[in-house]
Amino acid sequence: MKFNLFRIVMAGVFLSSTFSLAQTSVIEEIKKNPKTPFSYAELSVKEGGKWEDNQYVGGTFKNINQLVLPGGHTDHSYYIRYEGIGLENNQIGYRLYLDWRNATDIFGKKVNTLVLPEVGQDGFESYHHDAPWGQDILKSGRTIGIGSYGRYDEQNDFVETFKIVKNTAVKVVNEKDQSYAAIDYKGWKTWGNAIDLQSKLTIFNRDRFVKVDLNLSNTISGLCTGIVAFKNIPLKQGISKNKKWGYIATYGNQTETKKEDNLGMAIFYPLESFDKYVKIKSTHTVVFKKTKNVSYYFLGAWSLEPNGLITEEAFYQDLDKKLEILDKNNQL
């Protein structure tokens, strides 16, 4: 895969003008009162190195607020720190890969302070191993991870990700009580005509959930989300009293920590937008009706987090409480 030189040059110019807008002040403000409830969104790329084919060699990471992805950027380009955008609060961290995989991963935390600014600074392997702050705990593999989005191909029984996109732009925003990443995919090609998709992933300064808002340029079928499916981990489903919201969820020893820990994962979806549930080879999948927009929530809960949900019973009690809130308020 070769880079479009013009796009690389333009991306470099764009980045140099935005480094001054890096999130240093946001990080410093959170660290002043480290255990105060916070939310944080992060995007960090390298500068000072050079592209060799589809890899960025050398350089150091700098936090920025927005980015247009270089045309040849792909997985393991070593350009974006931990390969995507990060979302974090006191209880949990997530990252979404900014490449064709478009999967959402979980960073399990053993502390309730800010950790993302230090994650991945020393390379792409360190966060896969146990550290005082925690680690990457979810093995996404060839799936969309937890709560990401794609398009379900019923004929071939798999979820199409973002292998063909004309252009991808992303920005991260930190506000008082919430933080979010907004991603604009231009020319997403699956089958039929290419479309544009805008996503917004918002984390709050409370709880573990992320709200996902998806808006498309045209109505399509097959838009979906889901959870990685692990062998011998059963799926459970719930529906709210007034049949406005539902969830799919799993709980058990489904991390890659090699410990006797447990992880709960869930998707909350509005029933008015729900088409069907399908289990493909490696993903529990929620498929939405033909639509131009939809909003839903996902969350992970790790048993080793401080004051976490350490039993399956506690996890599902928490989900049922959230389902009741959604039934009454249509939002968490």
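Residues numbered from 1 in each chain as written. Predicted model: local features only at pLDDT ≥ 70, side-chain atom pairs only at ≥ 80, totals over all residues. Heavy atoms only, no water.

Colleague: Where do I start with the sheet that holds strand 9 (residues 104–109) in this structure?
Modeller: Sheet strands pair via backbone hydrogen bonds, and the direction of the pair is either parallel or antiparallel. The 5 strands lie next to each other as 1-7-8-9-10, forming an open sheet whose pairing is antiparallel. Looking at strand neighbours, the two that pair on one side only are strand 1 (39–42) and strand 10 (134–136), the edges of this open sheet. Averaged over neighbouring strand pairs, the angle between their axes works out to 15 degrees when direction is ignored. As paired elements, strand 8 (residues 92–97) and strand 9 share 5 bridges and run antiparallel to each other. What sits directly across from Y94, in strand 9, is I106. (Pairing = 2+ DSSP bridges. Helix = DSSP H or I, 4+ residues; strand = E, 2+ residues; numbered from the N terminus. Axes fitted to C-alpha atoms, helices over the stretch in contact; angles between N-to-C directions.)

Colleague: Would you mind showing me how to read the confidence of the model for the protein chain here?
Modeller: Low pLDDT marks stretches whose predicted atomic positions should not be read closely. The predicted model of the protein chain averages 92 in pLDDT, with 93% of residues at 70 or higher. Low confidence marks residues 1–20, where pLDDT is under 50. Its contacts with residues over four positions away, or in another chain, come to 32 contacts. (pLDDT = per-residue confidence, 0-100. Contact = heavy atoms within 4.5 Å.)

Colleague: How do you make sense of the packing of aromatic side chains when you look at a structure like this?
Modeller: Here the distance between the centres and the angle between the planes together describe a pair of aromatic rings. Inspection of every chain in the model, using the stated rule, returns 19 aromatic pairs. Measuring from centroid to centroid gives 5.0 Å for F315 and Y316, while their planes differ by 70 degrees, and the two rings are edge-to-face. Judged by its relative accessible area of 0%, F315 is buried. Y316 gets classed as buried once you look at its relative accessible area, which sits at 9%. Three or more aromatic residues joined by ring pairs make a cluster, and in this case those are Y82, F107, Y127 and W133. Here the guanidinium or amino end of K236 rests over the ring plane of Y316, the centre of that ring lying 4.6 Å away. (Phe/Tyr/Trp six-rings, centres within 6.5 Å; stacked < 30°, edge-to-face > 60°. Buried < 20%, exposed > 50% of the residue type's maximum accessible area, 1.4 Å probe, protein only. Lys NZ or Arg CZ within 6 Å of the ring centre and 35° of its normal.)

Colleague: Explanation requested: helix 3 (residues 312–329) in the structure shown.
Modeller: Spacing of three or four residues puts side chains on the same side of an α-helix, whose turn is 3.6 residues. Spanning 18 residues, helix 3 covers 26 Å between terminal C-alpha atoms, matching the ideal 26 Å at 1.5 Å per step. Listed as buried for helix 3 are F315, Y316, D318, L319, K322, L323, L326 and D327. A positive backbone phi angle near 65 degrees is found at N330, which sits one or two residues after helix 3. (Expected span 1.5 Å × (residues − 1).)

Colleague: What is the right way to look at the pairing of strand 13 (residues 167–174) in this model?
Modeller: For a regular strand, side-chain orientation follows a simple rule: the groups alternate between the two sheet faces. Alignment of strand 6 (residues 66–68) against strand 13, held across 3 bridges, turns out to be antiparallel. Counted as the bridge partner of L67 is V170 from strand 13. In the sheet, strand 13 pairs with strand 14 (residues 178–188) via 8 bridges, with the strands oriented antiparallel. If you follow V172 over to strand 14, its bridge partner there is A181. Linking strand 13 back to strand 14 in an antiparallel pair, the connection comprises 3 residues.

Colleague: Could you clarify how one ought to interpret the environment of E52 in this entry?
Modeller: Within the secondary structure layout, E52 lies in strand 3 (residues 50–52). Placed 124 residues apart in sequence, E52 and K176 show a C-alpha to C-alpha distance of 40 Å.

Colleague: Where do I start with the environment of I220 in this structure?
Modeller: Mapping I220 onto the fold places it in strand 16 (residues 210–220). Once you skip the residues sitting within four places of it in the chain, I220 turns out to touch R151, W188, I195, K289, K290 and T291.

Colleague: In this structure, what is going on with the environment of G72? I would like to understand it.
Modeller: Among the structural elements, G72 can be located in the loop between strand 6 and strand 7 (84–89). Relative accessible area serves as the criterion here: at 1%, G72 is assigned to the buried category. Each C-alpha atom, one on G72 and one on Y251, is 38 Å from the other, the two residues being 179 residues apart in sequence.

Colleague: Looking at this model, I keep getting lost on the side chain of T143. Mind explaining?
Modeller: Tracing the backbone through its elements, the reader meets T143 in the loop between strand 10 and strand 11 (146–153). For T143, a relative accessible area of 7% corresponds to the buried category. There is a polar contact of 2.7 Å between the side chain of T143 and the backbone oxygen of S140. Separated by 2.9 Å, the side chain of T143 and the backbone nitrogen of G145 make a polar contact. If near-sequence neighbours (up to four positions away) are discounted, T143 is found in contact with A103, V228, S282 and T283. (Polar contact = N/O pair within 3.5 Å; in protein donor to acceptor, adjacent residues only side chain to side chain.)

Colleague: Would you mind showing me how to read the pattern of salt bridges here?
Modeller: One side chain can pair with another of opposite charge once the charged atoms of both are near each other. Counted according to the given criterion, the structure contains 19 salt bridges. Taking the shortest distance from any N to any O, the salt bridge between R101 and E83 comes out at 3.1 Å. Residue R101 is found in the loop between strand 8 and strand 9, and its partner E83 is found in the loop between strand 6 and strand 7; the two are separated by 18 residues along the sequence. This pair shows no difference in class: R101 is buried, exactly as E83 is. The salt bridge involving D318 is made with K322; its shortest N-O contact spans 2.8 Å. Of this pair, D318 and K322 both sit in helix 3, 4 residues apart, roughly one helical turn. Owing to a relative accessible area of 16%, D318 belongs among the buried residues under this scheme. Taking the relative accessible area as the measure of exposure, K322 reaches 4% and is therefore buried. If you follow the salt bridges from partner to partner, you end up with E83, D99 and R101 in one network. (Salt bridge = Lys/Arg side-chain N within 4 Å of Asp/Glu carboxyl O.)

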